[in-house]
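Close look at the chain arrangement
This is what each chain is made of:
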Amino acid sequence: MHMSDGLINAPTSGVFWAIAVIGLAVSFYKARQDLTDRTAPMAGLVAAFVFAVQMINFPILPGASGHLLGGALVAILVGPWVGSICIALVLAVQALLFADGGLTALGTNIINMAFIGLFVSWGVAVALRRLAQRGGVGLAATAFLAAFIGVVGASLGFVLEYAIGGAGVTSLGTVFSLMVGLHALIGIGEGIITALTVGAVAAIRPDLVYLLRGAPQDLQLRGARQPEGSSS
Amino acid sequence: MTQPTTQQGKRQAVFLIGFLLVALLVAGVLSYLASSSPDGLDTVALEGCEVTETDAGEEELTGECIAKDAADSPVAGSPFADYGVGGNSSLVGLAGVVGVLVTALIGGGLFWLIRRRSGGSSDDSS
């Protein structure tokens with residue numbers, strides 16, 4: 001879902017760049033409280049993992065493919081704030097080192113994948129947190145739904161940007177229905193990959209799954225999760 | 001408490017190394033299986049155009065579509081452009097490994113720098 005330069009006009013791209021920078025500033029501010037000696041290395045590897053899996057385009061229709069966006073994956077594993085930085089980092093590495101996605105377009109790409117898609121997914125995941133905490137199947141179902149809905153959400157980001165700053169060669173209605181239709185199919189793949197990855201991490205190290213840890217204040221209520229009270 | 005902490009540290013290291021190896025395997029090996037068809041957004045951008053290959057092996061768009069406005073990336077001449085190495089697209093696995101390591105190093109370093117330091121304790125249950 002990486003836009004090249006030139007699809008959205010320069011002023012619109014500039015505005016979305018500015019929003020992306022503000023968003024990332026907020027993410028950095030909020031991410032600090034989620035990053036510890038234990039979770040910081042994990043977060044770096046989660047970003048690297050998303051980079052790797054984004055390389056794997058899977059076929060969805062004859063002549064069309066899709067790849068993981070990773071918003072739900074990172075939000076569930078390391079939280080939405082750290083996760084948005086992970087996705088933005090992946091997009092920056094792809095744009096700067098691999099010429100994948102434009103530079104003027106990097107702002108819109110960050111907004112779509114690191115913010116819109118990710119936070120839609122996070123909203124779904126939080127709404128289903130009780131289901132996710134019930135066990136393996138519940139967590140997998142939560143991950144699948146969060147990923148699926150997030151991908152469709154991210155695709156609407158492009159529709160919005162095209163509506164504001166696109167040249168209008170293709171009608172907005174066509175862009176909307178094609179984007180949503182194709183990304184509903186991609187969302188199934190995203191859902192499967194996300195459910196498998198989150199399920200695997202949860203099976204080995206459930207303590208490293210941010211969604212299961214809950215918000216920091218929740219930890220007090222479920223103190224039984226901590227095997228040792230070394231901090232008190 | 002030092003004993004379990006050391007053991008936890010070991011478990012943590014094993015997990016992280018395993019995670020990195022999976023990422024390297026995906027980028028280095030599985031990437032050869034990736035579909036080369038345009039992704040969802042590119043498919044929409046190509047709507048209305050036909051892609052034909054010129055004699056020089058370059059792709060040409062005929063018709064009216066969003067992708068006609070697409071500009072080459074300013075870093076299109078980068079050695080790793082389009083996940084090749086020096087223009088050699090058969091080295092996508094190597095490009096992938098480089099990408100994973102660069103992302104892990106920048107990400108890990110960045111997150112380590114801005115992490116919360118709670119009085120030297122490595123426990124995050126506070």
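Residues numbered from 1 in each chain as written. Chains lettered and ligands numbered in written order. Predicted model: local features only at pLDDT ≥ 70, side-chain atom pairs only at ≥ 80, totals over all residues.

1. Some remarks on the overall build of chain B
Secondary structure assignment for chain B yields three helices and two strands. Listing every helix and strand of chain B by position from the N terminus yields α-α-β-β-α. Contacts in chain B between residues far apart in sequence, at least 24 positions, make up 28% of those at least 6 positions apart. (Helix = DSSP H or I, 4+ residues; strand = E, 2+ residues; numbered from the N terminus. Contact = placed C-beta atoms within 7 Å.)

2. So, the overall build of chain A
Secondary structure summary: chain A contains 10 helices and two strands in total. Across chain A, helices and strands are ordered from the amino to the carboxyl terminus as α-α-β-β-α-α-α-α-α-α-α-α. Its C-alpha atoms give chain A a radius of gyration of 18 Å, near enough to 17 Å, the size a compact globule of 232 residues would have. C-alpha extents for chain A along the principal axes are approximately 60 × 35 × 30 Å. (Rg over C-alpha atoms; globule rule 2.2 N^0.38 Å.)

3. Section: the domain arrangement of chain B
How big an interface is tends to be reported as the loss of accessible area on association of its parts. Assigned domains within chain B: domain 1 (1-34 + 80-116) and domain 2 (35-73). Spacing between the C-alpha centres of domain 1 of chain B and domain 2 of chain B amounts to 32 Å. (Domains from an automatic or database assignment.)

4. Considering the pairing of strand S1 (residues 49-53) of chain B
All names here are of chain B. With zero of its five residues buried, S1 lies for the most part at the surface. Alignment of S1 against strand S2 (residues 59-63), held across five bridges, turns out to be antiparallel. Each residue of the ladder has a partner; that of Val51, found in S2, is Leu61. Where S1 hands over to S2, the hairpin turn is made up of five residues, of which Gly57 adopts a positive phi near 85°. (Buried ≥ 20, exposed ≤ 12 C-beta atoms within 10 Å, placed from the backbone. Pairing = 2+ DSSP bridges.)

5. Overview of the interface of chain B and chain A
Counting from both sides, the interface comprises 61 residues of chain B and, opposite them, 68 residues of chain A. Those elements that provide at least two residues to the side of chain B that touches chain A are helix H1 (2-28), helix H2 (40-45) and helix H3 (92-114) of chain B. It is H3 of chain B that provides the largest number of residues to the side of chain B that touches chain A, a total of 13 residues.

6. Brief notes about the pairing of strand S1 (residues 58-61) of chain A
Residue and element names in this part refer to chain A. Here S1 runs beside strand S2 (residues 64-66); their pairing, made up of three bridges, is antiparallel. Directly across from Pro59, in S2, lies its bridge partner Ser65. With antiparallel pairing between neighbouring strands as the criterion, S1 and S2 make up a hairpin whose turn holds two residues, including Gly63 at a positive phi of roughly 85°.

7. Regarding H3 of chain B
Its 23 residues give H3 of chain B an end-to-end C-alpha distance of 33 Å, which sits within 8% of 33 Å, the value for a rise of 1.5 Å per residue. Within the sequence span of H3 of chain B, burial applies to Val92, Ala95, Gly96, Val98, Gly99, Val100, Thr103, Ala104, Gly107, Gly108, Leu110 and Phe111 of chain B. (Expected span 1.5 Å × (residues − 1).)

8. A closer look at the packing of helix H1 (residues 10-31) of chain A against helix H7 (residues 136-165) of chain A
All names here are of chain A. Taken N-terminus to C-terminus, the directions of H1 and H7 make an angle of 135°; their axes are 9 Å apart at the nearest point. It follows that H1 is oblique to H7 by the angle criterion. You can see that H1 and H7 cross each other, and the crossing is right-handed. Across the interface between the two elements, Pro11, Thr12, Ser13 and Phe16 of H1 pack against Glu161, Ile164 and Gly165 of H7. (Axes fitted to C-alpha atoms, helices over the stretch in contact; angles between N-to-C directions. Parallel < 35°, antiparallel > 145°, perpendicular 65-115°, else oblique. Left-handed = near helix turned anticlockwise from the far one by under 90°.)

9. Some thoughts on the environment of Ile66 of chain B
When you line up the elements, Ile66 of chain B lands in the loop between S2 and H3. For Ile66 of chain B, a count of 26 C-beta atoms within 10 Å translates into the label buried. Distance in space between the C-alpha atoms of Ile66 of chain B and Asp39 of chain B is 14 Å, their sequence separation being 27 residues. Among residues more than four places away in sequence, those in contact with Ile66 of chain B are Leu7, Gly166, Val169 and Thr170 of chain A together with Ala45 of chain B.

10. Here's the deal with the confidence of the model for chain B
All names here are of chain B. Residues at a pLDDT of 70 or more form 89% of chain B, whose mean pLDDT is 88. Averaged pLDDT values over the elements of chain B bottom out at 86 in H1 and peak at 97 in H3. Here residues 120-126 scores under 50 on pLDDT; set against residues more than four positions off or in separate chains, the count is 13 contacts. Interface confidence for the predicted complex, given as ipTM, is 0.89, next to a pTM of 0.90. (pLDDT = per-residue confidence, 0-100.)

11. Points about the packing of helix H3 (residues 71-78) of chain A against helix H8 (residues 172-204) of chain A
All names here are of chain A. Following both chains from N to C, one finds H3 and H8 inclined at 20°, their axes separated by 9 Å at the closest point. One finds that H3 runs roughly parallel with respect to H8. Considering how the two elements wind past one another, H3 and H8 form a crossing that is right-handed. Residues Ala72, Leu73, Ile76 and Leu77 of H3 form the contact with H8, whose own contacting residues are Thr194, Thr197, Val198 and Val201. Residue classes in the contact of H3 with H8 are distributed as six nonpolar, two polar and no charged. (Nonpolar A, V, L, I, M, F, W, Y, C, P; charged D, E, K, R; others polar.)

12. Here we look at unusual backbone geometry
Its identity as a non-glycine residue notwithstanding, Ala99 of chain A has a phi of 50°, on the positive side. Relative to the helices and strands, Ala99 of chain A is located in the loop between helix H4 (80-97) and helix H5 (106-127). Taking the C-beta count within 10 Å as the criterion, Ala99 of chain A has 22 such neighbours and is therefore assigned buried. The phi dihedral of Asp82 of chain B falls on the positive side, at around 55°, and the residue is not glycine. As for its position among the elements, Asp82 of chain B is in the loop between S2 and H3. Asp82 of chain B gets classed as partly exposed once you count the C-beta atoms within 10 Å, which come to 14.

13. Brief notes about the environment of Pro11 of chain A
Residues and elements named next belong to chain A. Along the chain, Pro11 turns up in helix H1. By the C-beta count within 10 Å, which is 10 here, Pro11 ends up exposed. Residues Pro11 and Gly165 lie 154 residues apart in sequence; the distance between their C-alpha atoms is 7.8 Å.

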